[in-house]
Each structure stands twice: as structure tokens, then as C-alpha cells.
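This is what each chain is made of:
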Amino acid sequence: MERGGLRRIGARALHVSVLGFFVVALGFPFFWMLIAAFKQNIDLYTVENNPFLFNLPPTFEHIRFLFAETRFLRWLGNTALVGVLVVAITLVLAVPAAYALARLAGRWGERLGIAIFLTYLIPPTLLFIPLSRVVALVGLQDSIFSVVLVYPSMTIPFSIWLLMGFFKSIPKELEDAAMVDGLTRFGAFFRMVVPISVSGILTVVIFSFTLVTQEFVYALTFISPERNQMIGVGIPIYLVRGDVYYWGSLMAACLIASLPIAVVYNLFLDRFIAGFTVGSVK
Amino acid sequence: MAVVETRNLTKVFKQGELGAVNDVSLATEEGEFLVFLGPSGSGKTTLLRMIAGLETPTSGEILIGGQLVNHLSPRERRIAMVFQSYALYPHLTVYKNIAFPLKAQNVPKDQHDTKVQWAAGLLGIGRLLERKPRELSGGERQRVALARAIVREPAVFLLDEPLSNLDAKLRASAREELEQFQARVGTTTIYVTHDQVEAMAMGDRVVVMDKGRVRQIGTPAEVYDEPADTFVATFLGSPPMNLVSAGGTITGFRPEHFLPALAVAIPDSVPMRLAFSHEEYLGAERILYGALADGPHAGAKVVSRIASTHAGVFAKDRTYDFAVEKRHLKLFDEATGIRRR
Amino acid sequence: MSAGAKREERWLAPAMFLPAVLYILALVGIPLVLAVLYAFSDARIGSAGLHFVGLENFRSILQSPGFHKAIRNSIVFTLSAQVIVIVCSNILATALEEPFRGRGLVRFLILLPWVAPVSLGTIGWKWILDSIYSVITWVLVALHVYKPYSTPMWLGEPHLAMASVVLVHCWRLIPFSTVIMLAGRSAIPKEIPEAAAIDGAGFWRTLFQIKIPMMTPILSVAVLFGIIFTFTDMTVVYILTAGGPFDSTQTLPSLAFATGIAGSDLAAGAAISLFLVPVLVAVAYLMLRVAHRSEVA
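Below you will find a few notes about this structure.

1. Thoughts on the overall build of chain B
So, point 1. On a plain count of helices and strands, chain B comes out with eight helices and 18 strands.
So, point 2. Seen along its three principal axes, the alpha-carbon backbone of chain B occupies a region of about 75 × 45 × 35 Å.
So, point 3. In chain B, which comprises 341 residues, the share counted as buried stands at 40%.

Given below as C-alpha cells:
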């Protein structure tokens, strides 16, 4: 009895310390961004000061600088615009394709679906060199439309894969019923399957949008002018003037840009994971 | 109202394989309640889905109201279908579910409300109209599915095992309701089930199917009392008909006709002796198991069903006098299983 | 389908999926072919012409010490990160499996490295690992491990820089791997560990003989994605060290960028990045086997 109680306390202590360690280790950089974002420069750059404390009163100077004297807002706007366009292209192409592959194309629809999923494994670092030429060829170099063109090639495969799983989980009888009730096959897809699949489609929207905010290689390769940058490249590359790092503003920018993305991504994470697991979790 | 007819209808899913439906020719009568009965895999659902236009026949013709409909899509066939899962549209309210066929068929908007209210009233679900399907019980869902089927006054109702998702108690009352409902609206109805009780209770006629073929079409009494072959004889009835064979002939008799000799009218009966083995007491009746003790069929396992009010006491391994009235003996050909007399 | 509806479907299916397939072919298939073409040519940024030079690019790459270093680094980074990630994420998934109060918040904090943009998280690490103002250095000085002004330069010394890159990769991948493990665990029917407990198996036996074997498919998915994300990544290296110091953290992708884009030698860059292909093919093959096995099961 006594031993069992001790053991339980021991197990609990272990549990708490394991979780505590990982929360600190994984969350620390973001905590550190928060501290740096509000520290005065003198405080930040005095080696003797305890970095965990505000040795001088907190300041909003870094945030003011970020919004007033950098193109941070412009980058946010660029990213949002690209995000919306990429989401639109992805939906228009991936939703019908996923339905056709899941429902109309039979056995080889499944195979084509897996083939499309595998293209998602092809990384930007393999394609950025030829694509930089393609982008230049179609005259989109240095324009945000270069990434609007290219990003759907990354979002569509995974979206098709996610949606195929989603559409397969809809009972076939629903579509049969809709067709008996007076719709064509396409009508059953558009007026019955799409409205039922709102949450699956929302998942694809979030996936595509967050991918746009997270991508780095293509944006770095295709776009050079500072004003046309995406947020993921603008902050780490263009907030650095020569060799001078404005750490306070830099950290504020990272935090402001990543937290909202992290929150929405987190909400939909379980659905993305269901896609990543390639059906090995039923 | 319309008559449904199939001519030599065949469906082969995989080339070279046996058809799921083979050469089925049948016709309903006007306003009839026709039941497709068979074990799973007998092709009854495939046959229904071909009539609905959800499967393409490999060959053969389908006629609805005298018109060839092979080339028509489901929505053009003036049919309504109730599915096993009911297939209620989960994102729509009950009202919108029922109104859906009207919308999809472009029925003028001003008629929607009257028709929905009429269908809902007919099924007594007026108070559920604003609910979503997930908030309904099994029985309520079934009524909504029926209301959705009836609302545009189809020529034919197709029902695919609509009671199989209900629990046993609800099923009995839903069965009776459905029967009454069909009698009231008088629409030609085709009903698929694997449950012989449903088939016998509801069908004007029953189509017994096995392995894609029609074994017999007839009224419940005909298929039960005068089975066309050994499949029908054993598929209907629980426990099934006793079949004993000798000399190329199978003799069949139902357990309820195989009775202790004293209970059978003497003049026209065939005596048999039963070596009793064990008994099941089922409340209203008793099922006696054993084997025939002598004669050409000695050793064949047989079952007797007697009322539990019967006072007889049977002991294991003892032999008793039993008998079957002659008119209850059915003879089948042993090679083909086809009924001789 | 009736015959008419069937005819509708015959063109409907291709009409619905061909646009997406063509888009992918145009922006993945064609560039893939171009990458191979460039690797055998003398393509440079700014010159439109293209001449075939055979294996010239590959010969010069294979002779350059930088390339050998990059291949070695890529492999070392990928393997060491994967080992650490799998061990840590298994521990973390075990700790997160049972519900407890505040689990949602803990999960969010743990997931931050994965769900926030990589480049931004990495820049946070760059500040943490700063040569002068590093918080790690400050703590170590405070603990008297180092004397002030003779502290290590985390990103400025080859071995420390390599360790830093591995650390950031692990930091980013542990959350991803953990949620996949959690998905794998929740897919094990509760009755099976319960049956094992009744049969007398303890915590470790249940873990090693029941849970982990049952999770093999999902474990392989986590590892395969982890390999792809580390092996083909250039964001972390590019931001953290830009390949330095003295090319000690250069990887295949970052070398391809440095050569192909920054150095304008498209052909050599394309040839370098082609060396990613064998790994990708192997991963794709294994992924297919996992998918196939779960399909059969």
C-alpha cells in the first residue's frame, strides 16, 4: 500500500518533469523573443546584465520601429495576398480532382492519388534552380506572382490527398440519394458533397495558407526587391542591415508573425496529421 | 403509379465472373408491394439499384410505366428510394431534407411548403421539421426518409432494407406502419430484405432470390406452402423444412407438420418413427430434434415443432410415433432440387 | 449509373482531375526534367544559351572538397537528428498520452516549433546562440563553467556550429514526430494494452512488445518525413550559419543554393541538388510500402 503510493507519486513527478523539460526546451525561443521584443537596447547589449530580467524599464521602441521604419506591414500584406490567391487556386483545382479520384476513377484513381501525394515529397531544394528560370521566362521574376504561380504545386498534392480521405468517408448512399432525388453526378458533388465537406475544405484552406507563410526557399530565390518580400524571408534577411541585427525588432517581428499562424495551424493539426500518416492510422 | 418490369436483366461486375444478377425477368402489378427476399449476395440489392439507375445493367431491359428507362439517369426515372442508412443529408434540417427533391427537380418554389407539410403530416413528423438528422432517433430518421421519398409523388418506391437499422422492438411497429402507409398511398413499391418475417408480413408477393437468380415469385402463402425448389423450402421457415432423400427424390415436410402421431388426422397420414435426441423450449412452442428411426430415410436428421401446450414428455434416445399428413409432403428432384409435386 | 449517366461520368472524371494533374506536371514534372538537363549543361544566370557539356559538372563537383563535406554533413545532420527526434518524441508522446488538466495548452507550447514558420523560429535561435549576447553563454558563465570573455562561439566554431544545426532541426521536428506518434498510439484499440495488462505485462513490456511493434507503420512514417524534412532543408542552415564557418555546416541544398543562385552557376547547382534524388526515391519507395501494407491490412 505504502510502496504503491510512493510509486504513484514518483511516476507523477517523472511525468511532470518530463513535460516541464520539453515545454521549456521547445517553447523557449518564443519566450526569448517576447523578452527581447520589449527590452531597451542598452539592457539587451550589456553582457553583465541578467538577460532574464528587465534591468531597465520595458520599451515599445522596437515595435514602433518595426511598424514605422521597416516594410514589415508591407510584407504581411504581400503574404496575405499570396495566401488568399494560393488558397483559391488550390481549392479550384484540388477539390474536384480529389472527388474524381476518390469516387469516379475506381482502382486507378487511388493509385493516381498516391502518385500525386508522392510529388509532395519532392522538396523545393530540388526544383528551385530550374523553376527560377521558368519564373524568369514567364516574366514573373521579383514579383509576388512568381510564388502565387509556384506554391499551388506544393499545396495541391497534399490537399488532394487530404480531401480524398475526406470524400471517401462520406457514405456513397448520400450521393445515390441525391441523384435519385434529382441531381446529376456533378450536381451531387457540387450541391451535396461540397457542403458536407466544409470542414475538410477548411482544413485545406488552413494548410495552404500556412504553407505560404512558412515557405522560405522559393521566396528567397525568386524575389529580390525588399518591398516585394514575403514575411518568412523579409524578417530574417531584410531586417538585417548589412551586419547589423536589430534584435529587438527582429524578435518582435518573429513573434507577431508566427503566433497567429501557430494558433490556427494548431487548431487543424490533427487533420493534417491524418493526411501525413498515409492511412497507416485507421 | 406505374408498373416496373425487367426483361432478361443481367449484371456482371467482373468479366468472367458469375453475374450478381442473372437473366431476371419479372413485373410488378399496379400498386403492388413486391418484396425481393434472399440471403446476402443473392443480388437483390443490385437488382434494385439497377431499377433505380444507380447501376448499369450488363444486358437486359428495365421498363417503368411501360417506358424503357435503361438510358435514363436516376433523376429522370420518377422513382424515390429509401436507403438502408436512410442517407439523410446531414447538413440540412428535416424540412430541407424533405424539400430537397422538390428543389432538385425544379418544382416551383411556392408549392414546396404545402408539399413538405403534407408529407410530414402523413408521417407524423411535423414537430421535427427544424431538427438536424443527428438529433433524431432511428425511428424518426426512417420517417423522414419516407417523407423525403413520398414528397414528389413518385411513380415507384424503392426501399432497400429500411428497417434493418432499427432495434427489434421498433422494427415490428415500423413494419406495420410502413405496410399501412403503402396501402394508403397505393404507390407501387419494391422492398428489399433478407428478413423472411418482413417479407411474409408485408409483401403482396415475394420474389425469392439466390445467387443472382429468381427462384420463385408468389404470394407469401405460395412461397411458404408450395416452394418451387429446395432453396426456397429451406430459406423460408424457421426452423427450415425437413428434407430427407432416398432413391433420387427428396421429400420435404415442415416441422410444424411433423407431429406426434396422435395429433395427426389418421386417415391420410404417413407414419414415421422419431428417435428423439433433445428439445428446445421457446415459450410458445417446443422444438424437438432427432432422427428418423426406420423406413427408407432412417438416420436422417429431422425437426418437429409443437405447441408448448402439448403435454407429451420425450426422453433422450427413446423412439416415438410421429406422422405427417400426406398433403404436407413436398417432393423434389434430388439432382436439380426442383419441385416435382 | 444508367447508360446516359455513365457517359456523363466518362468525361466528368478526367474533366475534374486533369487540371490539377496538368498543373502539377507543369510545375513539378517539367522543372524536374529541366534540373536533369541543366546538370548536363553550362546554364548560368544571365546567359540564355545552353550547351551540353556531358558529365563535366559532375566531374568538377565530385572533385571539390566542399561537395564531399556537404554530403557528409547532410548525412550526419539527418541521421543524428532522427535518432534524437525518435527517442525524444517517444518519451514526449508517452507523457502526453493520458489526458490531464492543461493538456491543450501544454500541447500548443510543445507544438510551437513545428507550427510557427521555420525561418522565424530559426532566427530566434540565432539570437539565443549569438556570439556575445547568448543567453546560454550567460547561464554557463553564471554557473562558472566558463570565464567571461573566453566563452564558446556557438555558431563560429565548426563542431559547435554543427551541433547547433542539429539542435535546431531536432527542436523543429520533435513536435511533428510527437503528434504522429500520438496518432499512432490512439489508433491502438484500448483493449489490447488492457489484455496485455491482464496477461501480466508491465509498463515496459507493454511498451516494447505491444505498443511499439503495433506502431511500426506510423513510426516509419514519422521517420521518413523526418528524413525528408532534414535532408532536403536549407532554411535552418542558411539562416543560422549560411553554411559557415569555413563551409563546416554546408549541406547539399545549401551548397546548391550557394553555387546555383548566389554563385550564378545554375548547371552546377542543379547537378548538386540532383544528389538529393536517390534519398527521395528510397523514401518514396518505403512510403509506398507503408501505404500498401496499411491498405492490405
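2. Side note on the nonpolar core
So, point 1. Ala98(A) and Ile160(A) are the most contacted members of the largest nonpolar core, which totals 267 residues.
So, point 2. Leave out the neighbours within four places in its chain, and Ala98(A) touches Ile160(A), Leu163(A), Met164(A) and Phe167(A).

3. A short note on the packing of helix α4 (residues 138-150) of chain B against helix α5 (residues 168-185) of chain B
All names here are of chain B.
So, point 1. Their axes nearest at 11 Å, the elements α4 and α5 cross at an angle of 15°. Between α4 and α5, the angle is such that the two are roughly parallel. The handedness of the crossing between α4 and α5 is right-handed. Across from Gly138, Gly139, Gln142, Leu146 and Ile150 in α4, the residues of α5 making contact are Leu170, Ala174, Phe181 and Val185.

4. Structural notes on the sheet that holds strand β13 (residues 259-260) of chain B
All names here are of chain B.
So, point 1. Spatially, β13-β17-β14-β15-β16 is the arrangement adopted by the five strands of the open sheet, whose pairing is antiparallel. Two strands lie at the open edges of the sheet, namely β13 and β16 (301-307), each paired on one side alone.
So, point 2. As defined by bridge partners, strand β14 (residues 269-281) adjoins strand β15 (residues 285-292) across seven bridges and the pair is classed as antiparallel. The residue bridging leucine 274 from the neighbouring strand is leucine 292, located in β15.

5. Examining the packing of helix α7 (residues 158-186) of chain C against helix α10 (residues 216-231) of chain C
Residue and element names in this part refer to chain C.
So, point 1. α10 packs onto α7 with a crossing angle of 160° between their chain directions and a minimal axis gap of 9 Å. Classed by the angle they form, the pair α7 and α10 counts as roughly antiparallel. The way α7 lies across α10 gives a crossing that is right-handed. Contacts between α7 and α10 involve His169, Leu173, Ser177, Ile180, Met181, Ala183 and Gly184 from the first element and Ile218, Leu219, Val221, Ala222, Gly226, Phe229 and Thr230 from the second.
So, point 2. Looking at the contact of α7 with α10, its residues break down into nine nonpolar, five polar and no charged.

6. Focus on the interface of chain C and chain A
So, point 1. On the chain A side, the residues contacting the 79 residues of chain C number 78 residues.
So, point 2. Ranked by residue count, the leading element in the side of chain C that touches chain A is helix α1 (residues 3-39) of chain C, at 18 residues.
So, point 3. Looking at the side of chain C that touches chain A residue by residue, the classes come out as 66 nonpolar, ten polar and three charged.

7. Concerning the sheet that holds strand β7 (residues 156-160) of chain B
All names here are of chain B.
So, point 1. Pairing within the open sheet is mixed, and its six strands lie in the order β6-β7-β8-β3-β9-β10. The sheet is open, and its two edges are formed by β6 (79-82) and β10 (213-218), each paired on a single side. Between one strand and the next, the sheet's axes are offset by a mean angle of 20°, whatever the strand orientation.
So, point 2. Judged from the five bridges that link them, strand β3 (residues 33-37) and strand β8 (residues 188-193) form a sheet pairing that is parallel. Bridging across to β8, valine 35 finds its partner in tyrosine 191.

About the criteria used
- Numbers given to residues run from 1 along each chain, matching the order in which its sequence is written.
- Chain A is the first chain written and ligand 1 is the first ligand written, with later ones labelled in order.
- For this predicted model, a pLDDT threshold of at least 70 governs which residues receive local features, and a threshold of 80 or more governs which side-chain atom pairs are given and counted, while totals over whole chains, interfaces and linings are taken from all residues.
- Numbering of helices and strands starts at the N terminus; helices are DSSP runs of H or I of at least 4 residues and strands are runs of E of at least 2.
- Every C-beta atom is placed from the backbone, and the number of other C-beta atoms within 10 Å of a residue's own sets its class: buried at 20 or more, exposed at 12 or fewer, partly exposed in between.
- Note on terminology: a nonpolar core is any set of buried Ala, Val, Leu, Ile, Met, Phe, Trp, Tyr and Cys residues joined through C-beta atoms within 7 Å.
- Any residue pair is listed as a contact if its two C-beta atoms, each placed from the backbone, are within 7 Å.
- Whenever a helix is involved, its axis is fitted only over the stretch in contact; in every case the axis is a line through C-alpha atoms, and angles between N-to-C directions fall within 0 to 180 degrees.
- Here the angle decides the label: under 35 degrees means roughly parallel, over 145 means roughly antiparallel, 65 to 115 means roughly perpendicular, and every other value means oblique.
- Should the near helix be turned counterclockwise from the far one by less than a right angle, the crossing is left-handed, whereas a clockwise turn marks it as right-handed.
- Two strands pair under a simple rule: DSSP has to find at least two bridges between them.
- Note on residue categories: nonpolar means Ala, Val, Leu, Ile, Met, Phe, Trp, Tyr, Cys or Pro, charged means Asp, Glu, Lys or Arg, and polar means any other residue, Gly included.

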